There are 2 protein chains.
Amino acid sequence: MVAEIRAEQLTIALIRQLKEGDRKGFLKLFLDLRPYDQAVQFMDIPKKHHQLLLEWLDLPTITEMLPYLEPDEQMEFIRSLGPDKAIPVLDMMQNDDLAAMLTDLSPEEIDRLTGLMLKEEAENVRKILDYPVETAGRIMTNRFVWVHENYTVGQAVEKLKNYSDYAEYLNYTYVINSDKQLIGVLSYRQLLLTDAETPVRDIMSRRVISADAQTDQEDVAKQFARYDFVAIPVTDGDNVLVGIITVDDVIDVIVQEADEDIEMLMATGKQIDFRTKPVTAAMRRLPWLILLLFIGLVSGSIISGFEDTLNQVVALTFFMPLIAGMTGNTGTQSLSLVVRGLATEDLDLKTAIGVVFRELFVGIIIGIICGGLISVIAFIWQGSFILGIVVGASLVITLIIGTLAGTIIPLVLSRFKFDPAVASGPLITTVNDILSLLIYFGIATMFLNQLT
Amino acid sequence: MVAEIRAEQLTIALIRQLKEGDRKGFLKLFLDLRPYDQAVQFMDIPKKHHQLLLEWLDLPTITEMLPYLEPDEQMEFIRSLGPDKAIPVLDMMQNDDLAAMLTDLSPEEIDRLTGLMLKEEAENVRKILDYPVETAGRIMTNRFVWVHENYTVGQAVEKLKNYSDYAEYLNYTYVINSDKQLIGVLSYRQLLLTDAETPVRDIMSRRVISADAQTDQEDVAKQFARYDFVAIPVTDGDNVLVGIITVDDVIDVIVQEADEDIEMLMATGKQIDFRTKPVTAAMRRLPWLILLLFIGLVSGSIISGFEDTLNQVVALTFFMPLIAGMTGNTGTQSLSLVVRGLATEDLDLKTAIGVVFRELFVGIIIGIICGGLISVIAFIWQGSFILGIVVGASLVITLIIGTLAGTIIPLVLSRFKFDPAVASGPLITTVNDILSLLIYFGIATMFLNQLT
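Conventions we followed
- Just so you know, the residues in each chain are numbered from 1, in the order the chain's sequence is written.
- Labels follow written order: the first chain is A, the first ligand is 1, and so on.
- Only residues with pLDDT of 70 or above have their local features reported here, since the model is predicted, and side-chain atom pairs are shown and tallied only from 80 upward, although totals for entire chains, interfaces and linings are computed over all residues.
- Note that the side-chain values use all heavy atoms of the structure and ignore hydrogens as well as water.
- Only heavy atoms matter for contacts: two residues are in contact if any of them lie within 4.5 Å across the pair.
- Take the accessible area each of two parts loses on contact, using a 1.4 Å probe, and add the two losses: that sum is the buried area.
- Each reported salt bridge corresponds to a side-chain nitrogen of Lys or Arg within 4 Å of a carboxyl oxygen of Asp or Glu.
- A pair of strands is labelled paired if DSSP reports no fewer than 2 bridges between them.
- A run of H or I in DSSP becomes a helix once it reaches four residues, and a run of E becomes a strand once it reaches two; helices and strands are each numbered from the N terminus.
- Note on geometry: axes are lines fitted to C-alpha atoms, helical ones only across the stretch in contact, with angles between N-to-C directions running from 0 to 180 degrees.
- UniProt positions are given in the numbering used here, feature names are shortened, and annotations may be inferred rather than shown by experiment.
- Patch membership requires over 30% relative accessible area and the absence of a salt bridge. Like charges are linked within 9 Å, and nonpolar side chains (Val, Leu, Ile, Met, Phe, Trp, Tyr) within 5 Å.
- Each accessible area is a Shrake-Rupley result for a 1.4 Å probe, and residues are judged covered by the shown protein chains and nothing else.
- When a residue's accessible area, from a 1.4 Å probe over protein chains only, is under 20% of the maximum for its type it is buried; when over 50% it is exposed; and in between it is partly exposed.
- A least-squares superposition brings the copies together, and it is based on the C-alpha atoms of residues with pLDDT no lower than 70 in both.
- Nonpolar cores are built from buried Ala, Val, Leu, Ile, Met, Phe, Trp, Tyr and Cys residues. Side-chain atoms within 4.5 Å join them into one set.
- Per the annotation, domain bounds derive from an automatic or database assignment of domains.
- Residues are said to line a cavity or pocket when one of their atoms sits within 4 Å of a point; the points come from a 1 Å grid over protein atoms alone, cavities being sets where a 1.4 Å probe fits but cannot get out and pockets being open sets with protein on both sides within 12 Å along at least five of seven lines.
- Grid points are joined across faces, edges and corners, and a volume is the space filled by probe spheres set on the points.
- Amino acid classes used here: Ala, Val, Leu, Ile, Met, Phe, Trp, Tyr, Cys and Pro are nonpolar; Asp, Glu, Lys and Arg are charged; the rest, including Gly, are polar.
- Two rings from Phe, Tyr or Trp (for Trp, the six-membered ring) form a pair when their centres are within 6.5 Å of each other. A pair whose planes differ by under 30 degrees is stacked, one over 60 is edge-to-face, and the rest are tilted.
- A ring is considered to have a charge above it if a Lys NZ or an Arg CZ atom is located within 6 Å of its centre and within 35 degrees of its normal.
- N or O atoms within 3.5 Å of each other form a polar contact, as long as, within protein, one can give a hydrogen and the other can take it, and as long as residues adjacent in sequence are counted only when both atoms are side-chain atoms.

A. Region of the structure containing the interface of chain A and chain B. On the chain B side, the residues contacting the 123 residues of chain A number 119 residues. Between chain A and chain B, the buried area comes to about 10,900 Å², and carbon and sulfur atoms account for 66% of it. Viewed at the interface, chain B and chain A are joined by three salt bridges. Residue Asp32(A) is joined to Arg207(B) by a salt bridge in which the shortest nitrogen-to-oxygen separation is 3.4 Å.

Next comes the structure, spelled out in structure tokens:
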């Protein structure tokens with residue numbers, strides 16, 4: 001690792017330079033950082049210095065740093081720039097970053113801001129905002145280089161040189177016909193190795209994989225993971241090339257989708273990170289907790305319905321948390337297998353049925369082993385053979401049902417185009433709680449004469 | 001999307017061609033697929049046709065397809081190739097893919113296989129296998145192009161052309177000195193725009209971010225996500241350039257790490273996907289379940305310790321699952337926030353303390369709201385003011401403690417270099433079950449005279 005000053009020492013040095021008005025020294029340190037690190041420093045420098053800092057920075061630096069600020073701080077940042085600087089920054093931004101930043105604004109505010117921008121840039125960002133969120137159209141950029149099929153290799157190389165800023169990332173360029181339809185792909189390597197006079201049409205590959213602009217971003221991410229792409233072209237309904245998606249945006253998508261899976265599985269509530277304020281975090285978590293509280297009352301009323309049984313055999317209470325807990329555990333295991341499986345594999349009916357039968361067998365195996373174990377323990381602990389049978393038999397049945405519930409519910413949701421992770425872990429746990437209590441007390445009541 | 005035959009129809013066509021011995025037709029269809037899709041087709045074609053299929057394919061195609069097979073099937077595939085084909089395939093494979101494939105073999109088998117390979121290739125893969133699993137050294141490739149600082153731009157371009165196979169992915173090449181130390185980075189763009197006679201030393205950037213070979217792969221992934229890299233150079237202790245990591249491998253790391261987080265959070269057990277057989281899946285899930293079963297017995301014995309209290313106020317039982325469940329829910333919420341936070345951010349002591357205090361406030365807020373709610377409900381339902389107070393007060397305290405447990409346990413684990421997700425969701429739930437039962441029955445016993 002190349003020697004580097006630690007981030008905190010750097011912050012202290014930068015603040016000192018801002019206080020002393022040492023513009024040259026400040027820029028020497030700050031411009032040597034990558035945009036991500038610049039954004040981290042900016043957020044760590046007290047707000048009172050921001051005005052001076054922004055005066056010192058040039059517009060391209062500001063533009064590159066902006067997308068790495070926290071989402072909530074980006075619009076505030078634009079406002080504090082003032083219109084003279086803000087408008088050129090908006091014009092210079094990558095359209096996908098700009099669209100992401102504008103997403104949460106009201107339509108009026110979007111109109112006001114884009115109204116100030118260059119007409120062409122404004123139109124581009126409005127087009128992106130027209131696609132549904134979390135689709136390919138929303139994360140694509142239109143800053144890319146295409147070549148016409150009538151170009152020669154020499155003309156293509158010339159165009160790439162002129163637009164080399166746009167092409168920093170890529171080793172491919174896309175070929176279109178006169179209707180702007182995507183018809184081929186060309187690697188830089190091919191360009192490097194071919195005579196300048198050859199028409200690109202003769203050397204391009206026609207086997208080009210593209211994504212429709214309406215495709216879910218998670219499916220785009222799957223394609224990148226499978227085919228090891230660095231970029232993928234995006235087309236609209238008529239195969240017209242409208243943009244490209246680059247791998248850096250896909251990495252963000254993969255992290256975001258994994259976070260969403262975990263948020264839903266654990267019922268965490270949306271978008272809480274280490275910087276979220278306590279009241280905000282509590283308010284985002286409360287809806288799930290209150291819902292689960294009311295569902296939990298159902299368990300309570302089931303138990304109260306079996307009050308007579310409980311009054312006669314208090315020992316039944318001892319195994320209640322264990323049976324409910326184990327059923328919840330196996331259900332969430334199945335649930336998370338299905339949710340993550342769906343994140344990396346496609347689901348056809350054959351696979352779905354196969355998974356359900358697999359989990360049925362799994363439920364039977366773990367049910368028999370855990371149920372057998374607990375019936376022996378219950379018998380030894382409480383000295384009642386019948387109690388051992390009741391507890392063991394209940395656990396066998398609840399584990400099988402819990403496993404199936406954790407499998408079938410997310411599969412059905414996915415089949416009907418819902419996010420399978422909606423069946424969050426705590427929700428499955430709570431459903432399984434209710435089922436397991438009904439089964440347990442049902443069986444116990446059947447054997448009540450033998451138990452007392 | 002370019003028109004394509006559906007995967008299942010394609011499988012049927014390929015099998016027919018294999019049966020009919022139609023080599024030409026088969027290759028026309030099969031070679032048009034990308035390696036991932038070739039591997040999917042290979043796995044879907046019945047085993048009895050594999051021998052013929054492998055005779056028809058050339059070695060480069062076989063080599064490219066191999067890494068996309070399921071991990072368990074790769075070694076079987078190598079064996080079925082026979083030594084004449086297997087050895088050149090091993091020599092041609094990317095060293096990181098080969099290392100990944102060999103990981104689970106015994107040292108003797110690795111020695112036997114690498115002993116058959118070209119000496120240089122064998123040495124390279126042994127070097128990779130010497131690094132600990134899940135480090136940068138383990139996922140790097142040594143198929144990359146470096147240039148010496150004494151090269152001119154013209155010489156550098158010539159070398160890139162000669163090794164263009166290695167460089168398909170990248171838009172950067174790395175500059176080393178005579179001690180093989182990494183001293184700079186050079187973009188293809190710079191090469192394109194500079195005179196052939198210029199020494200690369202004059203135009204390279206010396207600000208090169210690299211990863212030490214011992215770095216955890218998760219930290220490497222964080223760097224890619226932050227800096228939007230397509231590749232990163234890997235150095236050993238003396239800053240000697242030993243390999244590069246490309247973004248396609250990092251995508252696999254990010255997916256794998258997210259899966260691991262979920263596996264641990266949900267206590268799923270390792271490596272179960274849609275194809276895992278029932279008995280295998282059950283055996284991988286059982287250890288956690290049996291552990292949780294025994295911990296669940298602790299809850300049971302706590303309840304049995306409060307048998308007298310329960311006998312006098314059966315209504316206490318009704319709220320037992322609710323209190324235990326809510327405490328588990330808030331604990332797993334906190335846990336997953338911390339685990340995912342650690343996956344994308346670095347943890348310093350200041351952040352850790354901040355998060356603990358934030359979660360303390362969150363616990364107090366949700367405790368007071370949920371506790372207040374349930375005490376009103378309990379009062380109305382059971383008509384006992386004191387019962388309402390007992391249930392409500394218990395929930396306030398258990399929610400605060402549950403939230404803190406879900407926060408502090410993974411933070412402490414992470415501080416001592418354990419994977420924070422070891423504190424799996426069900427484990428936190430079970431710990432919180434025990435704490436909540438102790439608090440609930442403790443408070444209830446204190447108020448026992450007023451309750452009866």
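So much for the structure itself; the text now carries on.
B. View of the sheet that holds strand β4 (residues 211-212) of chain B. Residue and element names in this part refer to chain B. The strand order across the open sheet built from three strands is β4-β5-β6, with neighbouring strands paired in mixed fashion. Two strands bound the open sheet, and with one partner strand each, they are β4 and β6 (241-246). In this sheet, β6 lies alongside strand β5 (residues 231-235) in antiparallel orientation, the contact comprising five bridges. The residue of β6 that forms the bridge with Thr-235 is Leu-241. Where helix α15 (residues 217-227) meets the sheet, it contacts β4, β5 and β6, and its direction lies at approximately 140° from that of β5.

C. Molecular detail of the UniProt feature "domain: CBS" (unreviewed entry) in chain A. Per the UniProt record, the feature "domain: CBS" (unreviewed entry) sits at residues 140-203 and 204-260 of chain A. End-to-end, the C-alpha atoms of residues 204-260 of chain A are 39 Å apart, and along that stretch the chain is 44% helix and 23% strand.

D. Focus on a nonpolar patch on the surface. All names here are of chain A. A surface patch of nonpolar side chains, amounting to about 580 Å² of accessible area, comprises Leu-349, Ile-353, Phe-357, Phe-361, Ile-364 and Ile-368. Here Phe-357 lies in helix α21 (residues 349-382). The class of Phe-357 is partly exposed, set by a relative accessible area of 48%.

E. Fine view of the relation of the copies chain A and chain B. Overlaying chain A on chain B yields an RMSD of 0.1 Å, the required transformation being a rotation through 180° with an accompanying axial translation of 0.0 Å. The two molecules are tied by a two-fold rotation axis, judged by turn and shift. Of the residues that chain A buries at the interface, 97% are likewise interface residues in chain B, meaning the two copies contact each other through the same surface.

F. Layout of the nonpolar core. Met326(A), Tyr440(A), Met326(B) and Tyr440(B) are the most contacted members of the largest nonpolar core, which has 83 residues in total. For Tyr440(B), the residues in contact, after removing those within four places along its chain, are Leu316(B), Phe319(B), Met320(B), Ile323(B), Val390(B), Val391(B) and Ser394(B). If you look at the next biggest cluster of nonpolar residues, it comprises 43 residues, including Ile232(A), Ile254(A), Val247(B) and Ile251(B).

G. Quick peek at the UniProt feature "transmembrane region" (unreviewed entry) in chain A. Residues and elements named next belong to chain A. The sites that carry the UniProt feature "transmembrane region" (unreviewed entry) are, in the present numbering, residues 286-306, 318-339, 360-381, 387-413 and 425-448. This span, residues 318-339, is 95% helix and 0% strand, and a straight line between its end C-alpha atoms measures 33 Å. Taken end to end, residues 387-413 comprises 100% helix and 0% strand; its first and last C-alpha atoms sit 38 Å apart.

H. Region of the structure containing the environment of Ile254(B). Residue and element names in this part refer to chain B. Tracing the backbone through its elements, the reader meets Ile-254 in helix α16 (residues 247-265). With relative accessibility at 11%, the residue Ile-254 sits in the buried group. Sequence separation of Ile-254 and Lys-222 is 32 residues, and the distance between their C-alpha atoms is 8.8 Å.

I. View of the domain arrangement of chain A. All names here are of chain A. By the assigned domains, chain A splits into domain 1 (7-139), domain 2 (146-263) and domain 3 (278-451). With five residues of domain 2 in contact, the opposing surface of domain 3 contributes eight residues. Considering only the surface of domain 2 that becomes buried against domain 3, Lys-222, Arg-226 and Asp-261 emerge as the three largest contributors, covering 74% of it. Linking domain 2 with domain 3 are zero salt bridges, by the criterion used here. Those elements giving two or more residues to the side of domain 2 that touches domain 3 turn out to be α15 (217-227) and α16 (247-265). It is α15 that contributes the most residues to the side of domain 2 that touches domain 3, three residues altogether.

J. Structural context of empty space enclosed by the protein. Considering all chains together, one arrives at three cavities of 30 Å³ or more under this definition. Surrounding the second largest cavity, Leu310(A), Asn311(A), Val314(A), Thr317(A), Leu310(B), Asn311(B), Val314(B) and Thr317(B) form its lining. Elements supplying a minimum of two residues to the lining of the second largest cavity: α18 (307-312) of chain A together with α18 (307-312) of chain B. Among the residues forming the lining of the second largest cavity, the class breakdown is four nonpolar, four polar and no charged.

K. Structural context of the packing of aromatic side chains. What the rule picks out here adds up to 24 aromatic pairs over all chains. Relative to Phe229(B), the ring of Phe224(B) lies with its centre 6.0 Å away and its plane at 90°, an arrangement referred to as edge-to-face. Classification of Phe224(B) as buried rests on a relative accessible area of 1%. Each residue in the set Tyr36(A), Tyr68(A), Phe224(B), Tyr227(B) and Phe229(B) is aromatic and connected to the rest through ring pairs, giving one cluster. Of note, Arg34(A) hangs over the ring of Tyr227(B), and the distance from its end group to the ring centre comes to 5.8 Å. Directly above the ring of Trp146(A) sits Lys159(A), whose terminal nitrogen or CZ lies 3.5 Å from the centroid.

L. Structural detail: the side chain of Ser436(B). Within the secondary structure layout, Ser436(B) lies in helix α23 (residues 425-446). For Ser436(B), the side chain forms a polar contact with the main-chain oxygen of Asp433(B), separated by 2.9 Å.

M. Structural view of unusual backbone geometry. Here Glu134(A), not a glycine, exhibits a phi torsion of approximately 65°, which is positive. The residue Glu134(A) is located in the loop between α10 (119-130) and α11 (136-139) in this model. On the accessibility criterion, Glu134(A) (27% relative accessible area) is partly exposed. Phi angles above zero are rare outside glycine, and Asp228(B) is one such case at about 55°.

N. Expanded view of the pattern of salt bridges. In the structure shown here, the tally under the stated rule is 16 salt bridges over all chains. Residue Glu121(A) pairs with Arg143(A) through a salt bridge whose shortest N-O separation is 2.9 Å. You can see Glu121(A) sitting in helix α10 and its partner Arg143(A) sitting in the loop between α11 and β1 (146-148), a full 22 residues away along the chain. The class for Arg143(A) is buried, based on a relative accessible area of 15%. Each of the salt bridges in this network shares a partner with another, and the network as a whole consists of Arg285(A), Arg358(B) and Glu359(B).

O. Expanded view of the pairing of strand β3 (residues 182-187) of chain B. All names here are of chain B. Most of β3 is tucked away: six of the six residues are buried. As judged from the five bridges shared by strand β2 (residues 172-176) and β3, these two strands associate in the antiparallel manner. Among the inter-strand pairings, Tyr-172 is bridged to a residue of β3, identified as Ser-187.

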